[in-house]
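Descriptive structure summary
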Amino acid sequence: MALITLPRPHFYSSGLQTCRILTCLRKYLGPDKNKSRKDMCQGFFSPQQEQFRVYFHHANCRKHHSEKESKPNPVGSVFFQTAAWDRFEQSNGHVDNQRFYKELYSFTSSEQVLKFVTTLETLSDTMAAAALYRISEVEKEKSGQKMPKTVLENEIFRALCFQFEYESTNLSDTGLVTALQALTGLHVDPQSNLLVNLIMECQNRLQQGHMTIHNLCILGECMVKLQNPNCAVLKEIILQLQGQKLQECTPEEIVAIYTLLQTAFGEVIQHQDFLDQLNNHCISLVHKFSPLVTSQILNALVTLNQTQAFPLVVKLCIHSIKFVSQFTNEELGKVLEGFIHFGYTDRFFTQALEEHVSTCCLTMHPESISKVMQYCSKKLILSKPIFDAVSESFVYQAEIFSPLQISHLIIPFGKLNYLPPNASLFFRKLENTIRTRFKDFPSQDMLNLLHSCTLIDHPPVNYVAKLFSPYFLQKLQVQELGLSKSSLAQLTQLYLTVVLECPFYKGPKLLQRYQVKSFLIPPYLLETPMDLPLYKTVHVALIDLLKARIYFASRVSTPCCYTVDIEIKLDEEGFVLPFTSDEDVYKRLALCIDDPKRFCLNSHNLLGKEAIKQRHLRLLGYEVIQIPYYEVEILPSRYEVVKYLKKKIFPHRYRFF
């Protein structure tokens with residue numbers, strides 16, 4: 001491979017075209033030509049940073065397949081800040097390349113990368129392209145869509161750009177597509193001569209049909225970003241990928257294909273057969289996947305919504321168990337997103353996650369902690385080690401969490417009805433955080449957060465007045481494009497909680513038009529419908545016990561929005577009254593037929609929405625009797641169910657009217 005050499009202070013060229021380039025380059029890089037350099041900078045770059053016109057100066061990289069050229073002759077010198085290119089040499093070997101890339105990816109700023117480039121004796125086109133790509137990575141992390149002027153005006157950066165523009169035909173395939181990828185990431189103007197030349201050369205190489213899978217995928221991603229997912233170049237790339245032998249692909253090449261298909265989501269619909277073939281092939285390769293590859297493929301399957309690839313998803317999820325402690329924060333987040341999206345749970349994964357979070361929670365990234373809690377919330381997993389560690393982390397470093405992350409972190413405590421051991425410190429910290437950052441929270445997130453506190457018997461009395469204010473309700477309505485039934489139900493339950501549990505509250509009330517009449521509405525955020533098989537079992541046994549269907553009512557709506565599964569009325573002397581009777585009613589029994597959906601996963605811990613329902617029914621005067629599924633299902637016969645209900649409902653005696 002041809003190499004660019006960087007001793008001081010000469011710049012050699014072997015062709016007339018490059019000689020002209022160097023003459024132009026000298027005019028603005030020479031130490032005594034500051035004014036000319038400024039003028040040329042203005043010509044190369046638009047005055048606004050949003051649109052970059054970067055021209056890349058590449059010093060005499062030989063054509064990647066040519067070996068006939070003679071030794072270059074000096075044509076003059078161009079002075080850089082520390083070094084200049086002057087001759088070609090052969091590669092110093094694989095070890096030097098490894099050292100280069102290891103050091104390159106240790107840098108965290110563009111200035112460090114460019115300074116490092118000037119210290120090298122030799123630089124191949126792939127190394128130069130890798131340096132540009134590293135610049136694009138660090139700038140994306142720091143400034144997003146904009147690149148600092150210090151980078152744009154850097155002489156080494158401009159010299160590299162100039163070379164890539166005028167020597168595009170002499171680049172290796174890897175150097176070519178990597179440079180295009182880097183410049184695309186730096187938001188270079190697609191109409192600039194630099195990108196036009198690189199794209200044209202990429203198209204020429206594509207037509208030759210000799211590009212590797214990895215290079216094809218990089219080129220495809222660039223085309224999607226520069227044009228659109230339906231461009232002709234992308235279609236040709238996917239056709240060439242379909243012609244490859246998947247059996248010979250490495251895991252890294254498989255990831256590259258998935259990443260391309262993930263980027264070109266719209267185009268993938270037309271090539272689902274190819275994606276199905278890729279999914280089926282991956283099943284046999286899962287055992288070879290590293291933590292990075294595992295997380296990347298799971299993430300691609302989520303983006304592509306490959307629900308039909310569930311066997312692959314299961315194998316990836318099982319394979320990820322041994323990597324839980326090895327995943328980076330970003331990788332762990334992608335894996336958890338895969339578990340959430342495909343609805344998969346694994347107790348061994350949960351155990352590994354418990355060990356990892358318990359040990360590393362204080363040092364984990366806030367987004368990772370947030371994603372762990374979202375996973376527990378979505379799958380209804382009440383993991384006390386995880387919840388305790390997260391509550392401790394929040395108490396000690398709540399400031400590092402964003403409003404959205406705080407919302408994702410707090411909501412599972414209410415949803416799964418769990419108070420951590422440090423509950424007093426936990427809620428004190430939460431109240432202080434809300435007080436100082438209330439305006440930073442989106443309206444919907446604030447409503448979800450405060451409602452979750454209500455579920456675990458910690459009503460946010462100090463902030464209810466703000467939630468019921470016209471200003472907050474208007475903001476909530478704008479955010480949701482109209483108040484949803486779920487939000488109205490949450491507001492209603494908050495208001496009901498204040499009325500029943502906080503009689504000292506004297507603030508504004510929730511207007512009637514914002515209140516719902518029943519909590520038993522889809523998507524059933526505040527009440528869970530009865531399980532029909534379990535209800536039938538209890539229903540038949542109650543008829544045997546009470547001797548007639550008239551003595552109990554089912555699915556009874558209350559004035560306070562809740563629906564009672566089964567209601568039994570008693571008079572003052574303990575007689576059972578017909579459910580149609582409204583006179584002489586002294587006591588009302590509310591039977592809660594609790595099936596597994598009303599509990600946390602693999603637990604006897606009621607969900608928060610069921611716990612608050614039973615709490616409010618008691619405050620409304622009902623005697624709540626819980627009939628959980630795990631007590632009924634173990635009974636061997638109908639007779640045993642009747643005995644169980646008699647003991648549960650009438651522990652002492654009962655009589656009929």
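Quick note: structure is the one above.
So, a few notes on the structure that sits alongside this text. (Residues numbered from 1 in each chain as written. Predicted model: local features only at pLDDT ≥ 70, side-chain atom pairs only at ≥ 80, totals over all residues. Heavy atoms only, no water.)

**A closer look at the nonpolar core**
Core analysis: the biggest nonpolar cluster contains 169 residues, and Leu180, Tyr258 and Leu353 have the highest contact counts within it. Sorting elements by how many residues they give to this core places helix 10 (residues 213-226) first, with nine residues. Residues within four places of leucine 180 in sequence aside, it is in contact with Leu195, Leu198, Ile199, Cys202, Leu219, Cys222, Met223 and Leu226. Val538, Leu545, Ile568 and Val642 belong to the second largest nonpolar core, which has 29 residues in total. (Core = buried A, V, L, I, M, F, W, Y, C linked by side-chain atoms within 4.5 Å. Buried < 20%, exposed > 50% of the residue type's maximum accessible area, 1.4 Å probe, protein only. Helix = DSSP H or I, 4+ residues; strand = E, 2+ residues; numbered from the N terminus. Contact = heavy atoms within 4.5 Å.)

**Some words on the layout of surface pockets**
Its boundaries defined by the atoms lining it, the largest pocket holds a volume of some 1,600 Å³. Forming the walls of the largest pocket are 38 residues, and the residues nearest its centre are Tyr133, Glu137, Gln181, Glu221 and Gln296. Secondary-structure elements contributing two or more residues to the lining of the largest pocket are helix 5 (125-143), helix 8 (173-185), helix 10, helix 12 (251-263), helix 15 (291-303) and helix 17 (329-342). It is helix 5 that contributes the most residues to the lining of the largest pocket, eight residues altogether. Looking at the lining of the largest pocket residue by residue, the classes come out as 10 nonpolar, 18 polar and 10 charged. As a volume, the second largest pocket reaches approximately 810 Å³. Every residue lining the second largest pocket is counted, 29 residues in all, and those nearest its centre are Ser377, Leu380, Ile411, Lys415 and Leu525. Elements supplying a minimum of two residues to the lining of the second largest pocket: helix 17, helix 19 (366-378), helix 21 (403-415), helix 23 (443-455) and helix 26 (485-501). Looking at which element gives the most residues to the lining of the second largest pocket, the answer is helix 23, with five residues. (1 Å grid on protein atoms, 1.4 Å probe; cavity = no way out; pocket = protein on both sides within 12 Å on 5 of 7 lines; lining within 4 Å. Points joined across faces, edges and corners; volume = space filled by probe spheres on them. Nonpolar A, V, L, I, M, F, W, Y, C, P; charged D, E, K, R; others polar.)

**Topic: the pairing of strand 9 (residues 622-628)**
With five of seven residues buried, strand 9 is to be regarded as a mostly interior element. The pairing of strand 8 (residues 587-594) with strand 9 spans seven bridges and is classified as parallel. From the neighbouring strand, leucine 589 faces strand 9, where its bridge partner is glutamate 623. (Pairing = 2+ DSSP bridges.)

**Quick look at the packing of aromatic side chains**
The final tally for this structure, using the stated rule, is 22 aromatic pairs. The interplanar angle of 20° and the centroid separation of 4.1 Å between the aromatic rings of phenylalanine 339 and phenylalanine 349 together place this pair among those described as stacked. In this pair, phenylalanine 339 is assigned in helix 17 and phenylalanine 349 in helix 18 (residues 347-360), connecting sequence segments 10 residues apart. Of the two residues, phenylalanine 339 and phenylalanine 349, both sit in the buried class. Arranged with centres 5.0 Å apart and planes meeting at 65°, the rings of phenylalanine 387 and phenylalanine 413 form a pair that is edge-to-face. Residue phenylalanine 387 is found in helix 20 (residues 384-397), and its partner phenylalanine 413 is found in helix 21; the two are separated by 26 residues along the sequence. Classification of phenylalanine 387 as buried rests on a relative accessible area of 0%. Taking the relative accessible area as the measure of exposure, phenylalanine 413 reaches 0% and is therefore buried. A connected cluster of aromatic rings, assembled from ring pairs, spans Phe387, Phe394, Phe401, Phe413, Tyr418, Phe426 and Phe427. (Phe/Tyr/Trp six-rings, centres within 6.5 Å; stacked < 30°, edge-to-face > 60°.)

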